[in-house]
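# Secondary and tertiary structure notes
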Amino acid sequence: MAGSTLASPSAEAVAQAQARAPTFSPTREAWRRFRRHRLAVISAIILALMVLAILVGPLFWRIPINHIDFAATLQGPSWNHPFGTDDLGQDLLSRMIYGGRISLAVGLAAMFVAIFVGTIIGAVAGMSRGWVGSGLMWLTDLFLSLPQLPLLLLVIYLFRDALKGTFGPEGGTFILIVIVIGGLRWMPVARLVRAQFLSLREKEFVEAARALGASKFRQVVRHILPNALGPVIVAGTIDVAAAIIAESTLSFLGLGFPPDIPTWGRLLFDAKDNLDFAPHWALFPGAAIFLTVLTINFIGDGLRDALDPRRVL
Amino acid sequence: MPYYILRRLLIAIPSLLGISVVLFTVLALAPGDPFEELATNPAVPPEVRMALRAKFGLDDPIMVRYVRWISAMAQGDWGYSFVSRINVDDLILQRVGVTLFVIGSSQILALLIAIPVGVIAATRPYSLFDQIANTLAFVGFSLPTFFTGLLFILIFSIWLDWLPFVYQADIQATGWRWYWEHIRQAIMPIAVLGLFQGASLVRYVRSAVLDVIRLDYVTTARAKGLGERVVIVKHVVRNALIPVVTLIALQMPAIFGGAIVTEQIFRIPGIGSLLISSILANDTPVIMAVTFVFACLVVLFNLIADILYGWLDPRITFR
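The written sequence of each chain sets the order in which its residues are numbered from 1. Whichever chain is written first is A, and whichever ligand is written first is 1; the rest continue in order. This being a predicted model, a pLDDT of at least 70 is required before a residue's local features are given, and a value of 80 or more before pairs of side-chain atoms are given or counted; all residues contribute to the totals for chains, interfaces and linings. Only hydrogens and water are set aside when side-chain values are computed; all heavy atoms of the structure are taken into account.

## Quick word on the overall build of chain B
Runs of E in the DSSP output that reach at least two residues are strands. Runs of H or I that reach at least four are helices, and both are numbered from the N terminus. Check the secondary structure of chain B and you find 14 helices and 0 strands. Put simply, chain B runs from its N terminus to its C terminus through helices and strands in the order α-α-α-α-α-α-α-α-α-α-α-α-α-α. Seen along its three principal axes, the alpha-carbon backbone of chain B occupies a region of about 90 × 55 × 40 Å. Split into buried and exposed, the 319 residues of chain B put 44% on the buried side. Residue contacts follow a heavy-atom distance rule, with two residues in contact if any of their heavy atoms lie within 4.5 Å. Restricting the contact set of chain B to residue pairs at least 6 apart, pairs at least 24 apart contribute 69%. Split by element, the accessible area of chain B, about 16,700 Å² in all, is 67% carbon and sulfur. Any residue under 20% of the maximum accessible area for its type is buried, any over 50% is exposed, and the rest in between are partly exposed; the area is computed with a 1.4 Å probe on protein chains only. Accessible surface is estimated by sampling points in the Shrake-Rupley manner with a 1.4 Å probe; for residues, cover comes only from the protein chains shown.

If you want it as structure tokens, here you go:
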């Protein structure tokens, strides 16, 4: 919104004075603008700490995820079990560290699938001037109006067993969930990329490249795509959060990963019948999902501010 | 206007057909054979199995099977539930009303939250209220519905013991008490969905109002000496809400996703919980039909939004 503030003549003079100051690279300029979004910076720090804990946690916290201890079932937080235990006396902290790895891996992988498919479809639709572009956009709109969660459930119900047989229970479910979540989330990216391409392909620098004899592929990869990347990065960041929510939803409905793999959603699914006497069992994984999604969304908001070239901040 | 509605209807049909093609492709590509049990049963000779496959047309080309499936769906022949032992269309008709009630009420709640908050935030951009509202909106749509649902149950049912957490379709009460019990049990599911939806709408309402509030006709209204209240409510909000209608329609698929989760948590007997229970019971005809009903509802709401949009903004209908 600040970008559309009318610049008065005096404001122009200030801008010119600033222009004589040393210029920075676009990355550094973006970083400078990102730092102004205080919540985004705080979120980035919190998320980095959580990722670090998930990655190196098992080196320090050595209780195995399936260590059953009937002497300590449904215990609240204590020094032995900082996040408490579940109905089999399994330590929730180590289970959450394990589940966090899966949730983040699913989120990142599904984001890459969505970005990959979306960028290709958006780029083809943005570069073609005939029926291909409008056909692809019709397909995008069609996919946008699909009810995602029911379709996700349907596909997983139909293909689960076959993939489990081929890639093993964990790998098969992982591949299936990543492909299906990514395959149902590429549409916003495709629309963004197409809109960017439609305006960028008429710009002078692309025309110059065309005049110098650059092939269509080179025009796209070297000239247009790097300039269209900003909104795609923002969309990708938010896609990670959406994919984490989607995976947790599936696990929460009991239809995601197999029961012996404690993803955060699965922990909530197991905890929901014991809410009255073991609320910690649901609160810790739920808070972990919430905190991850919230920080990713704030970082996405900060990146939107940082990568928007029209911002004057 | 009638011509516009007709054109919208004609656009809705291809997308409905497209969705049915996607669904059928998923079903046709799926591994597994409906006659698998017969194949492993040594008492059934292979010829009988082949004859059965031929009888049900499983060996026909995929196009023929699609046309047969879609015409059966169009005629209301949606198959037979293996688990409930009744026709699928009857089963869905029993359940769809509750789902629409919950979704509809939560939408109203979402609008009741999002419109005032978004408008106030936009009239005072970057103020303290705006910043708090923005932060709370982020918190609201980052809280997954399944976690909010569990939190609500924990706080309002278990700790405070104010509200029941299991939804009962048949309440043993009459008169006012019956209504009261219904409202009491619907508060939490509607609040879970409505707060989530409201939080995601607030930012859209805010930016839509900000887009309109700078326009010249608003300045004119102020210059005429109209009060700020009249300018905002009668001139700004009415026009700002037009794009919001489209946004609500675009979010419909996500709303149905949230409704499935909420129905599952609070055991509401709607089509969302029907979908989950039939997936757990391998009841394929019901799964296909419910997914198709969800798709139809999305297309229907898109259509309604388009028509509303044309009614709110008459310029659209002339294009």
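This is not the end of the story, as more comes after the structure.
## Examining the overall build of chain A
Scanning chain A from terminus to terminus reveals 12 helices and 0 strands. Going residue by residue from the N terminus, the α and β elements of chain A occur as α-α-α-α-α-α-α-α-α-α-α-α. A total of 313 residues make up chain A; the buried ones form 48% of that total. Long-range pairs, those at least 24 residues apart, make up 71% of the contacts in chain A between residues at least 6 apart in sequence. Here chain A has roughly 15,200 Å² of accessible surface; of this, 67% comes from carbon and sulfur atoms.

## Quick notes on the confidence of the model for chain A
In low-pLDDT segments, the atomic positions of the prediction should not be examined closely. pLDDT is a per-residue confidence score from the predictor, ranging from 0 to 100. Per-residue confidence for chain A gives a mean pLDDT of 80, with 88% of residues at or over 70. Low pLDDT, under 50, characterises residues 1-15 of chain A; the predicted model gives this stretch 11 contacts beyond four residues in sequence or across chains.

## Looking at the nonpolar core
Put simply, a nonpolar core is a bunch of buried Ala, Val, Leu, Ile, Met, Phe, Trp, Tyr and Cys residues held in one set by side-chain atoms that sit within 4.5 Å of each other. Grouped together as the largest cluster of nonpolar side chains are 147 residues, with contacts concentrated most on Leu153(A) and Ile92(B). Considering each element in turn, this core owes the most residues, 14 residues, to helix H10 (residues 216-252) of chain A. Every residue in contact with Leu153(A), bar those within four places of it in the chain, is listed here: Leu250(A), Leu253(A), Leu255(A), Leu275(B), Ile276(B) and Ile279(B).

## Comments concerning the interface of chain A and chain B
Counting from both sides, the interface comprises 45 residues of chain A and, opposite them, 52 residues of chain B. For the pair chain A and chain B, the two sides together bury roughly 4,300 Å², of which 82% comes from carbon and sulfur. Put simply, a salt bridge is a Lys or Arg side-chain nitrogen that is within 4 Å of an Asp or Glu carboxyl oxygen. Viewed at the interface, chain B and chain A are joined by 1 salt bridge. Between Asp301(A) and Arg203(B) there is a salt bridge whose closest N-O contact spans 3.8 Å. The buried area of a pairing is the accessible area, by a 1.4 Å probe, that goes missing from both parts when the two are put together, added over both.

## What to know about the environment of Ile224(A)
Residue and element names in this part refer to chain A. By the secondary structure assignment, Ile-224 is in helix H10. Taking relative accessible area as the criterion, Ile-224 reaches 0% and is therefore assigned buried. As a C-alpha pair, Ile-224 and Ser-199 span 25 residues in sequence and 9.8 Å in three-dimensional space. Sequence-distant contacts of Ile-224, that is, excluding residues within four places in its chain, are made with Met-127, Phe-197, Leu-200, Arg-201, Val-206 and Gln-219.

## A word on the side chain of Thr148(B)
Along the chain, Thr148(B) turns up in helix H7 (residues 145-159). If near-sequence neighbours (up to four positions away) are discounted, Thr148(B) is found in contact with Leu143(B) and Val192(B).

## As for unusual backbone geometry
A negative phi angle characterises most non-glycine residues, just as the trans form characterises most peptide bonds. Residues and elements named next belong to chain B. Look at Tyr-126: it is not a glycine, yet its phi comes out positive at around 65°. By secondary structure assignment, the location of Tyr-126 is in the loop between helix H5 (88-123) and helix H6 (128-142). Not every positive phi belongs to a glycine, and Arg-267 is a case in point at roughly 55°. Summarising the element assignment, Arg-267 is placed in the loop between helix H11 (252-266) and helix H12 (271-280).

## Here's the deal with the packing of helix H4 (residues 92-127) of chain A against H10(A)
Residue and element names in this part refer to chain A. Helix axes are fitted only over the stretch in contact, all axes being lines through C-alpha atoms; the angle between N-to-C directions runs from 0 to 180 degrees. Running from N to C, H4 and H10 point in directions that differ by 145°, and their axes come no closer than 7 Å. Like other packed secondary-structure pairs, H4 and H10 cross with a definite hand, here right-handed. Packed against H4, whose contacting residues are Ser-103, Leu-104, Val-106, Gly-107, Leu-108, Ala-110, Met-111, Ala-114, Ile-115, Thr-119 and Met-127, the element H10 presents Lys-216, Gln-219, Val-220, Ile-224, Leu-225, Val-232, Gly-236, Asp-239, Val-240, Ala-243, Ile-244 and Glu-247 at the interface. Polar here means any residue other than Ala, Val, Leu, Ile, Met, Phe, Trp, Tyr, Cys and Pro, which are nonpolar, and Asp, Glu, Lys and Arg, which are charged; Gly is therefore polar. When its residues are assigned to classes, the contact of H4 with H10 shows 15 nonpolar, 5 polar and 3 charged. By definition, any crossing whose near helix is turned counterclockwise from its far helix by less than a right angle is left-handed, and any crossing with a clockwise turn is right-handed.

## Side note on the pattern of salt bridges
For the coordinates displayed, the defined rule picks out 9 salt bridges over all chains. The partner of Arg201(A) in a salt bridge is Glu202(A), and the shortest N-O contact between them spans 3.1 Å. Between Arg266(A) and Asp270(A) there is a salt bridge, with the nearest N and O atoms lying 3.7 Å from each other. Of this pair, Arg266(A) and Asp270(A) both sit in helix H11 (residues 264-271), 4 residues apart, roughly one helical turn. Residue classification places Asp270(A) among the partly exposed residues on the basis of a relative accessible area of 25%. One salt-bridge network, in which partners are shared between bridges, spans Asp301(A), Arg304(A) and Arg203(B).

## Points about the environment of Leu303(A)
Residues and elements named next belong to chain A. Looking at the secondary structure, you find Leu-303 in helix H12 (residues 279-307). C-alpha of Leu-303 to C-alpha of Thr-237: the two residues are 66 residues apart in sequence and 8.7 Å apart in space. Once you skip the residues sitting within four places of it in the chain, Leu-303 turns out to touch Phe-34, Ile-233, Val-234 and Thr-237.

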